[in-house]
Protein chains: 4
Amino acid sequence: MSKTLTSIRTAVAGVSGFAGGELVRLLLDHPRLTQTPPLLLGRSGAETVALSSLQPQLSGLPHADDLSVVPFDWKLLKEETIDLLFLATPHQQSREDVPQALAQGLRVVDLSGAWRLHCEKNRAVYKLEDADAAAQLQTEAVYGSPELHGPRIATARLVANPGCYATSIILALAPLLRANLVDLDHGIVCDAKSGVSGAGKAATAANHFMSAADNLSAYAVFGHRHTGEMLEQLQLTGDQIQFTPHLLPIPRGILSTIYLRLNASGSIQSVQSCLDDFYAHSPLVRVRRSPALPQIQHVVRTSFCDLGFQLSPEGRRLVLVSCLDNLLKGAASQAVQNMNLMAGWHEAEGLL
Amino acid sequence: MSKTLTSIRTAVAGVSGFAGGELVRLLLDHPRLTQTPPLLLGRSGAETVALSSLQPQLSGLPHADDLSVVPFDWKLLKEETIDLLFLATPHQQSREDVPQALAQGLRVVDLSGAWRLHCEKNRAVYKLEDADAAAQLQTEAVYGSPELHGPRIATARLVANPGCYATSIILALAPLLRANLVDLDHGIVCDAKSGVSGAGKAATAANHFMSAADNLSAYAVFGHRHTGEMLEQLQLTGDQIQFTPHLLPIPRGILSTIYLRLNASGSIQSVQSCLDDFYAHSPLVRVRRSPALPQIQHVVRTSFCDLGFQLSPEGRRLVLVSCLDNLLKGAASQAVQNMNLMAGWHEAEGLL
Amino acid sequence: MSKTLTSIRTAVAGVSGFAGGELVRLLLDHPRLTQTPPLLLGRSGAETVALSSLQPQLSGLPHADDLSVVPFDWKLLKEETIDLLFLATPHQQSREDVPQALAQGLRVVDLSGAWRLHCEKNRAVYKLEDADAAAQLQTEAVYGSPELHGPRIATARLVANPGCYATSIILALAPLLRANLVDLDHGIVCDAKSGVSGAGKAATAANHFMSAADNLSAYAVFGHRHTGEMLEQLQLTGDQIQFTPHLLPIPRGILSTIYLRLNASGSIQSVQSCLDDFYAHSPLVRVRRSPALPQIQHVVRTSFCDLGFQLSPEGRRLVLVSCLDNLLKGAASQAVQNMNLMAGWHEAEGLL
Amino acid sequence: MSKTLTSIRTAVAGVSGFAGGELVRLLLDHPRLTQTPPLLLGRSGAETVALSSLQPQLSGLPHADDLSVVPFDWKLLKEETIDLLFLATPHQQSREDVPQALAQGLRVVDLSGAWRLHCEKNRAVYKLEDADAAAQLQTEAVYGSPELHGPRIATARLVANPGCYATSIILALAPLLRANLVDLDHGIVCDAKSGVSGAGKAATAANHFMSAADNLSAYAVFGHRHTGEMLEQLQLTGDQIQFTPHLLPIPRGILSTIYLRLNASGSIQSVQSCLDDFYAHSPLVRVRRSPALPQIQHVVRTSFCDLGFQLSPEGRRLVLVSCLDNLLKGAASQAVQNMNLMAGWHEAEGLL
């Protein structure tokens with residue numbers, strides 16, 4: 001599959017959630033997959049149900065009204081000659097299913113947190129019960145950030161699709177850190193705000209309309225599980241980056257405001273060039289021209305991550321703003337972007 | 001208690017919900033009750049908890065940070081010499097507890113639907129399992145609409161606090177129906193819209209922020225259980241009034257748009273006078289001067305029901321608009337208004 | 001152009017508003033127009049500006065970042081060999097420009113209210129100053145409801161794109177009225193609710209966030225200008241239909257709740273068949289199976305109008321619910337649907 | 001007026017805005033002012049209008065339906081024997097009117113930014129055209145933060161009511177800075193988010209419902225005019241504090257997330273004590289017990305500022321969260337709190 005393929009056969013396990021729904025929508029709309037809608041899989045042993053009963057907003061899309069979600073079954077994946085399996089399942093489920101999937105010759109894009117973290121200590125937040133097989137596969141998992149690891153993704157068997165917050169912050173910081181522009185002794189503050197869809201589809205007191213509407217709250221201040229992804233991908237230590245998420249009273253979208261100091265006084269032009277150059281060939285990252293800043297409305301329901309910045313008058317303090325749709329570039333679009341790379345297609349195909 | 005009392009001792013059972021929380025807030029703020037905060041009761045056998053843990057937004061009000069919610073206990077009600085018990089408990093619970101409360105000499109304002117309906121057929125929607133004692137007490141229950149039944153409420157032992165939708169519609173229609181201005185052969189259409197707090201505090205798929213936000217939906221089209229209250233209080237038959245509720249993407253507030261035909265061509269002035277005269281001595285109903293219409297923002301977090309109307313050019317078709325806060329005039333404020341009448345105080349005391 | 005064309009050249013006048021922005025988005029995404037982005041026209045004499053400065057959310061779409069909005073110029077339309085001109089301009093402007101456009105051989109889809117009404121009395125709400133040329137052309141204008149007038153639209157020179165509220169109500173009622181199922185002596189009540197984008201892009205006190213958020217209000221109770229469209233298209237008199245719009249605190253979407261009586265007792269199946277049959281070949285109208293009802297979330301950002309209904313137990317009182325996105329099926333998508341018919345393409349092309 | 005007064009006569013200039021409306025509401029509800037509603041002043045030369053036409057939500061409050069807003073007139077202030085003038089007028093207007101007010105023996109609480117800043121350089125953001133009289137009075141102006149300057153406010157002639165963002169941040173930081181716990185070489189990051197009412201009542205593109213709803217955006221990154229208040233009140237230099245405001249899609253409320261490093265490793269208890277002790281006698285500041293954090297819902301429509309914090313495991317990195325209602329503790333309630341101090345009353349009278 002490392003050379004360009006005309007089409008592939010995909011399957012999606014975990015269709016009922018918000019990210020799973022968006023992923024199916026993107027696959028149904030994908031120009032390479034018009035003849036091959038994805039195989040949709042529910043829990044093993046569950047009843048077969050119509051897609052439209054789980055995701056009514058998909059009705060009207062090509063194939064959508066004819067598709068069913070069938071019980072997960074390894075034999076079926078083989079019979080249907082599936083090439084690529086998307087897992088939008090809980091962390092532990094993903095951890096358990098990947099070894100068998102790879103053994104069966106499938107390639108996998110996993111949207112959970114199960115395979116993103118190489119350091120066992122970081123991975124502890126997911127409380128994964130691990131068999132030996134899984135531990136051995138971890139080294140093979142590629143962190144699915146196409147802007148950072150495109151070539152490795154293209155040939156990977158197992159791609160760990162990044163977390164939504166992590167994507168917004170890693171994409172903002174990677175260019176500056178790789179160029180050694182950041183004063184790491186000073187530390188980086190990441191103040192992030194996310195719409196409610198990020199908190200999942202299960203009804204809880206926290207996502208009750210009455211709790212979330214007309215409100216804002218910080219949570220998981222020193223302990224959000226996306227922190228490990230930032231540490232590993234940006235090669236930072238825990239005291240070099242402070243990440244605080246907040247729950248916004250909107251359905252979707254993330255805005256991260258990032259504060260750092262430059263190693264030495266810089267110019268607007270030098271920061272602009274650093275970002276522009278890094279993303280010159282990345283169709284899904286849009287760098288705004290300073291002082292313009294991204295806002296959530298410009299990215300919601302798109303596959304883009306928008307970046308912008310402003311520099312203090314004395315040239316040392318930098319404020320970066322990063323926006324994306326948590327369900328798209330923060331989840332489903334990035335998964336499709338990874339699929340595109342794995343199939344040898346243009347990375348933005350079906351995403352613009 | 002039919003003559004004016006300096007103060008009374010109140011208790012509230014069912015403190016954890018939205019209406020219960022508003023009721024406690026109003027009682028803590030009530031000028032007649034500054035020395036006697038309400039006794040707060042949870043479920044029988046439950047743990048004692050601080051009020052502030054159940055209703056954190058009450059913190060800072062007089063007494064609020066010192067109050068606890070104690071397990072329901074009939075003996076305690078006696079020891080504390082409670083005069084008036086508010087029940088903000090589930091329907092069946094209210095149905096079961098009222099006979100004992102009255103037997104113990106308490107007066108009761110019940111905020112559930114258990115005692116509002118005199119016709120057994122209408123009451124069937126609540127699926128109440130009824131002991132003989134309850135059935136006998138039903139005739140004694142007074143429907144707690146102070147604008148319609150003030151004198152009877154003043155001396156009642158058991159007041160059934162009206163439903164929120166029912167209040168908004170009954171207050172709009174009662175004056176015109178009593179004056180025989182409405183063409184009943186034609187029928188009345190009541191299109192009502194309510195904020196999400198009306199659907200209760202338990203987290204469900206329907207009140208998940210993602211379901212309610214940026215949405216509008218109709219529900220219970222021919223079967224909402226507040227319909228029975230309208231039929232009984234307005235003396236209408238089921239085919240004379242059509243009531244359709246909708247779920248609005250806002251925390252609180254109801255707006256009902258009501259369509260009817262007048263018996264004969266009327267003038268704006270005659271309709272205006274009918275409403276103005278009916279509510280001339282009702283401090284919590286504000287009649288707007290046509291063509292001004294109420295809107296939800298003007299009543300939210302107030303105890304008012306606002307009414308307005310417009311008449312068609314030919315003078316036959318009338319559109320009434322009625323607004324109130326579902327948790328206040330539609331629940332807690334109306335309960336306090338009933339308490340005021342029962343204690344012989346001004347009906348709006350503590351509500352303006 | 002009445003036979004199928006491979007492609008056409010389009011122009012859009014009035015790009016800065018909400019509907020204009022959505023229209024440009026649809027045209028840029030349209031599979032027949034991938035090589036020919038629309039010519040974008042601002043006011044005559046205005047400066048040329050980048051499309052992305054007026055509609056930043058379009059950035060990233062094919063062609064979008066290269067397109068400019070140039071001053072309106074009749075000569076330019078000729079030089080660019082435009083076939084079809086979309087007018088998303090103010091009513092009076094459309095009224096003035098259409099005669100010249102037709103004289104120049106252009107076909108026109110007008111999104112304003114200027115050409116929708118054939119009865120001069122109904123048209124009076126727009127206060128159009130009319131030259132003789134315009135008055136003569138009015139008879140030629142075809143009301144652009146593809147579900148009602150598809151064949152006439154296909155060959156029309158001038159298509160008057162319907163109003164958003166009118167579309168939602170006409171599509172719900174047309175099948176039942178044409179089948180003579182409705183008791184017209186009784187009259188029809190249409191209670192409609194629209195998101196704020198329907199009120200236009202100019203900042204006013206009414207669309208200030210503080211006025212619209214957490215609110216609901218009725219307006220234009222006996223005088224909304226979409227009423228005339230309903231009267232003409234449904235062949236009703238003013239006292240047979242009551243239309244009341246409300247302003248919803250959401251960005252986009254319309255839900256209309258429609259109340260009527262059937263001529264004779266009907267069955268759920270007979271009403272269902274009436275709607276199903278009428279729209280059997282209409283890809284953009286989805287009829288729900290009773291008792292399922294549409295809701296705004298299911299149509300927002302789609303080109304669908306969703307219809308549903310429930311019938312009272314005695315079989316006489318019918319409640320219809322109709323939902324659409326006011327900027328899409330209520331404006332831009334319907335304009336593209338009209339273009340598709342005029343070009344001989346499938347009516348839903350580029351809209352699913 | 002430094003000794004306790006039974007009552008005082010107040011006037012409010014600038015009644016039409018959001019903060020002015022809240023201020024009038026608080027004054028009408030104030031237990032010391034039940035017999036003396038405020039004199040309400042519009043622009044000099046303007047028509048007299050009913051209060052209810054400018055602030056319809058006040059209708060029903062004591063006196064509210066009888067009050068008029070009369071044109072500003074210095075003679076009238078004298079005739080009515082006004083003691084205290086609230087200015088909720090534009091900055092330049094306040095700058096011009098204060099000298100005359102003081103000359104006439106009035107005491108003033110000014111809600112604008114005109115008198116908050118003692119350093120001329122900081123004040124430059126308001127572009128005030130200054131007469132000599134004003135410049136001389138600046139030294140006399142007391143920054144109206146009752147928690148910081150209570151005794152000086154009690155005897156002041158001119159109180160400059162603080163900005164909303166500034167209040168939230170100054171109250172969070174003052175205790176720690178005064179106790180020398182903060183590493184100032186490291187600098188402080190203040191990421192603040194405010195509801196739309198903070199942006200004023202004039203309709204603009206930015207506060208159009210369609211711009212603000214379902215969105216979040218940063219603005220005025222290195223240049224918000226409340227920054228000067230923080231610098232002066234906290235005695236910081238511009239590179240020691242970074243303040244970034246964001247526009248939240250809610251009507252009201254501010255949440256500020258503040259990041260700093262302690263001078264030396266601290267304990268949760270030491271930080272908790274520092275805050276608790278500082279505000280032990282401040283009835284309008286509530287310090288949450290770590291790890292509990294404030295959220296906007298708990299303070300909206302209250303006069304409280306809520307503070308909370310969490311400390312990193314190694315005891316150096318501190319995250320503070322501060323919440324208040326921008327129109328109340330951030331404006332009108334703080335103005336009333338200042339009035340209470342000036343009149344010798346309990347500072348929270350009429351505010352709980």
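Residues numbered from 1 in each chain as written. Chains lettered and ligands numbered in written order. Predicted model: local features only at pLDDT ≥ 70, side-chain atom pairs only at ≥ 80, totals over all residues.

*Asks:* Sorry, what's going on with the overall build of chain A here?
*Replies:* Each helix and strand in chain A was counted, giving 12 helices and 15 strands. The C-alpha radius of gyration computed for chain A amounts to 20 Å, which stays within 12% of the reference 20 Å derived for 352 residues, consistent with globular compactness. Dimensions of chain A, computed from C-alpha atoms along their principal axes, come out at roughly 65 × 50 × 40 Å. Counting every position in chain A, which comprises 352 residues, the buried fraction comes to 57%. (Helix = DSSP H or I, 4+ residues; strand = E, 2+ residues; numbered from the N terminus. Rg over C-alpha atoms; globule rule 2.2 N^0.38 Å. Buried ≥ 20, exposed ≤ 12 C-beta atoms within 10 Å, placed from the backbone.)

*Asks:* Which parts of the structure should I look at to understand the pairing of strand 6 (residues 107-110) of chain C?
*Replies:* Sheet faces and side chains relate simply in a regular strand, where the side chains alternate between the two faces. All names here are of chain C. On strand 6, burial covers both faces: Arg107 and Val109 on one face and Val108 and Asp110 on the other are all buried. As judged from the four bridges shared by strand 5 (residues 84-87) and strand 6, these two strands associate in the parallel manner. For phenylalanine 86, the partnering residue across the bridge sits in strand 6 and is valine 109. Considered for its hand, the β-α-β crossover made up of strand 5, helix 4 (residues 91-103) and strand 6 is right-handed. In this sheet, strand 8 (residues 158-160) lies alongside strand 6 in parallel orientation, the contact comprising three bridges. Opposite valine 109, over in strand 8, you have valine 159 as the bridge partner. (Pairing = 2+ DSSP bridges. Right-handed = clockwise from strand over helix to strand, strands pointing away.)

*Asks:* I keep staring at the environment of D:Thr167 and nothing clicks. Help me out?
*Replies:* All names here are of chain D. Residue position: threonine 167 is located in helix 8 (residues 164-178). Sequence separation between threonine 167 and isoleucine 82 is 85 residues; the distance between their C-alpha atoms is 28 Å. Excluding its chain neighbours within four sequence positions, the residues that come into contact with threonine 167 are Ser145, Pro162, Cys305, Leu324, Lys329, Gly330 and Gln334. (Contact = placed C-beta atoms within 7 Å.)

*Asks:* What's the story with the confidence of the model for chain A in this structure? I'm lost.
*Replies:* Detailed reading of predicted coordinates is not advised where the pLDDT is low. Mean pLDDT over chain A: 95, with 99% of residues reaching 70 or higher. Two summary scores accompany this predicted model of the complex, namely pTM at 0.96 and ipTM at 0.95. (pLDDT = per-residue confidence, 0-100.)

*Asks:* How should the sheet that holds strand 2 (residues 39-42) of chain A be read in this particular structure?
*Replies:* In a beta sheet, neighbouring strands are held together by backbone hydrogen bonds and run either parallel or antiparallel to one another. Residues and elements named next belong to chain A. One open sheet holds the eight strands; their spatial order is 3-4-2-1-5-6-8-7, and the pairing between them is mixed. Looking at which strands have only one partner, the edges of the open sheet turn out to be strand 3 (49-50) and strand 7 (142-143). As judged from the three bridges shared by strand 2 and strand 4 (residues 68-71), these two strands associate in the parallel manner. Residue pairing for strand 4: leucine 41 is matched across the bridge by valine 70.

*Asks:* Looking at this structure, I do not really get the interface of chain B and chain C. What am I missing?
*Replies:* Where interface size is quoted, it is often the accessible area lost as the parts come together. Taken together, the contact pairs 33 residues of chain B with 33 residues of chain C. Residues of the side of chain B that touches chain C, tallied by class, amount to 17 nonpolar, 10 polar and six charged. (Nonpolar A, V, L, I, M, F, W, Y, C, P; charged D, E, K, R; others polar.)

*Asks:* What should I look at first to understand helix 8 (residues 164-178) of chain C in this one?
*Replies:* Note on helix geometry: an α-helix contains 3.6 residues per turn, so any two residues three or four positions apart are oriented the same way. Residues and elements named next belong to chain C. Counted at 1.5 Å a residue, the expected span for helix 8 with its 15 residues is 21 Å, and the 21 Å between its end C-alpha atoms agrees. Within helix 8, 12 of the 15 residues are buried, which leaves the element mostly enclosed by the surrounding structure. Where helix 8 terminates, the next one or two residues include asparagine 180, which has phi positive at roughly 55°. (Expected span 1.5 Å × (residues − 1).)

*Asks:* What's the story with the relation of the copies chain B and chain C in this structure? I'm lost.
*Replies:* Relative to chain C, chain B is turned by 180° and slid 0.0 Å along the rotation axis, the superposed coordinates differing by an RMSD of 0.0 Å. Classification of the inter-copy transformation places it as that of a two-fold axis. In this assembly, 100% of the residues forming the interface of chain B have copies in chain C that are likewise at the interface, indicating an isologous arrangement. (Least-squares fit on C-alpha atoms with pLDDT ≥ 70 in both.)

*Asks:* Help me understand the sheet that holds strand 11 (residues 241-247) of chain C in this model?
*Replies:* Residue and element names in this part refer to chain C. The sheet built from seven strands is open, its strands ordered 10-11-9-12-15-14-13 with mixed pairing. The outermost strands of the open sheet, each flanked by one partner alone, are strand 10 (217-218) and strand 13 (285-287). Sheet topology note: the strand 9 (residues 188-194)/strand 12 (residues 254-261) ladder contains six bridges and is antiparallel. Bridge pairing in strand 12 links cysteine 190 to isoleucine 258. Against the sheet, helix 8 contacts strand 9, strand 11, strand 12, strand 13, strand 14 (305-311) and strand 15 (317-324), and its axis sits at roughly 40° relative to strand 12. (Axes fitted to C-alpha atoms, helices over the stretch in contact; angles between N-to-C directions.)

*Asks:* Where do I start with the interface of chain D and chain C in this structure?
*Replies:* Between chain D and chain C, the residue contacts involve 13 residues of the former and 13 residues of the latter. Within the side of chain D that touches chain C, the residues separate by chemical class into eight nonpolar, four polar and one charged.

*Asks:* What should I look at first to understand the pairing of strand 4 (residues 68-71) of chain C in this one?
*Replies:* Here strand 3 (residues 49-50) of chain C pairs with strand 4 of chain C via two bridges, running antiparallel. Residue pairing across strands places C:Val49 opposite C:Val69, the latter belonging to strand 4 of chain C.

*Asks:* So what exactly am I meant to see when it comes to the relation of the copies chain D and chain C here?
*Replies:* The operation linking the two copies of the chain is a rotation about an axis combined with a translation along the axis. Each copy superposes on the other: chain D lies on chain C with an RMSD of 0.0 Å after a rotation of 180° and an axial shift of 0.0 Å. Most of the interface of chain D is mirrored in chain C: 100% of its interface residues are interface residues there too.

*Asks:* What exactly am I supposed to notice about helix 10 (residues 227-234) of chain B here?
*Replies:* Residue and element names in this part refer to chain B. Counting buried residues along helix 10, six of its eight residues qualify, which places the element largely inside the surrounding structure. The complete set of buried residues in helix 10 reads Thr227, Gly228, Glu229, Met230, Gln233 and Leu234. Considering only its buried residues, helix 10 is in contact with helix 5 (120-123), strand 7 (142-143), helix 7 (146-155), helix 8 (164-178) and strand 11 (241-247). Backbone geometry just downstream of helix 10 places glutamine 235 in the positive-phi region, at approximately 55°.

*Asks:* Teacher, can you tell me more about the packing of helix 7 (residues 146-155) of chain D against helix 12 (residues 328-343) of chain D here?
*Replies:* Residue and element names in this part refer to chain D. Two elements in contact, helix 7 and helix 12, have axes whose closest approach is 8 Å; the angle formed by their N-to-C orientations is 40°. Looking at the two axes, helix 7 sits oblique to helix 12. Relative to helix 12, the crossing made by helix 7 is right-handed. Within the contact between the two elements, helix 7 uses Pro146, Gly150, Ile153 and Ala154 and helix 12 uses Gln337, Asn338, Leu341 and Met342. Residue composition of the contact of helix 7 with helix 12, by class: five nonpolar, three polar and no charged. (Parallel < 35°, antiparallel > 145°, perpendicular 65-115°, else oblique. Left-handed = near helix turned anticlockwise from the far one by under 90°.)

*Asks:* Please clarify how the domain arrangement of chain A should be interpreted in this entry.
*Replies:* Residues and elements named next belong to chain A. For chain A, the domain assignment lists domain 1 (10-162 + 330-343) and domain 2 (165-326). Computed from C-alpha coordinates alone, the two centres of domain 1 and domain 2 are separated by 25 Å. Every contact between the two is made by 20 residues of domain 1 and, on the other side, 24 residues of domain 2. If you list the elements that add at least two residues to the side of domain 1 that touches domain 2, you get helix 7 (146-155) and helix 12 (328-343). Ranked by residues supplied to the side of domain 1 that touches domain 2, first place goes to helix 12 with five residues. By residue class, the composition of the side of domain 1 that touches domain 2 is nine nonpolar, nine polar and two charged. (Domains from an automatic or database assignment.)

*Asks:* Explanation requested: the packing of helix 8 (residues 164-178) of chain A against helix 12 of chain A in the structure shown.
*Replies:* The relative placement of two packed helices comes down to the angle between their axes together with the axis-to-axis distance. Residue and element names in this part refer to chain A. Axis separation between helix 8 and helix 12 bottoms out at 8 Å; the angle between their running directions is 95°. As the angle between them shows, helix 8 and helix 12 are arranged roughly perpendicular. Of the residues in helix 12, those in contact with Cys164, Thr167 and Ser168 of helix 8 are Lys329, Gly330, Ala331 and Gln334. In terms of residue class, the contact of helix 8 with helix 12 is made up of two nonpolar, four polar and one charged.

*Asks:* Help me understand unusual backbone geometry, please; the structure alone is not making it clear to me.
*Replies:* Glycine aside, residues mostly have negative phi angles, and peptide bonds mostly take the trans form. Omega for the peptide link from A:Ser290 to A:Pro291 comes to 15°, which places this bond in the cis form. With phi around 50°, B:Thr81 is a residue other than glycine that occupies positive phi space. Residue position: B:Thr81 is located in the loop between helix 3 (74-79) and strand 5 (84-87). Under the C-beta neighbour-count criterion, B:Thr81 is labelled exposed, with 10 such atoms within 10 Å. Phi angles above zero are rare outside glycine, and C:Lys127 is one such case at about 50°. If you trace the backbone, C:Lys127 turns up in the loop between helix 5 (120-123) and helix 6 (132-138). Using a count of 8 C-beta atoms within 10 Å as the deciding quantity, one classes C:Lys127 as exposed.

*Asks:* Please explain the environment of C:Ser303 as it appears in this structure.
*Replies:* Residues and elements named next belong to chain C. Within the secondary structure, serine 303 is located in the loop between strand 13 and strand 14. Sequence-wise, serine 303 and alanine 264 are 39 residues apart; in three dimensions their C-alpha atoms are separated by 34 Å. Excluding anything up to four places from it in sequence, serine 303 contacts Leu284, Leu328, Lys329, Ser333 and Leu351.

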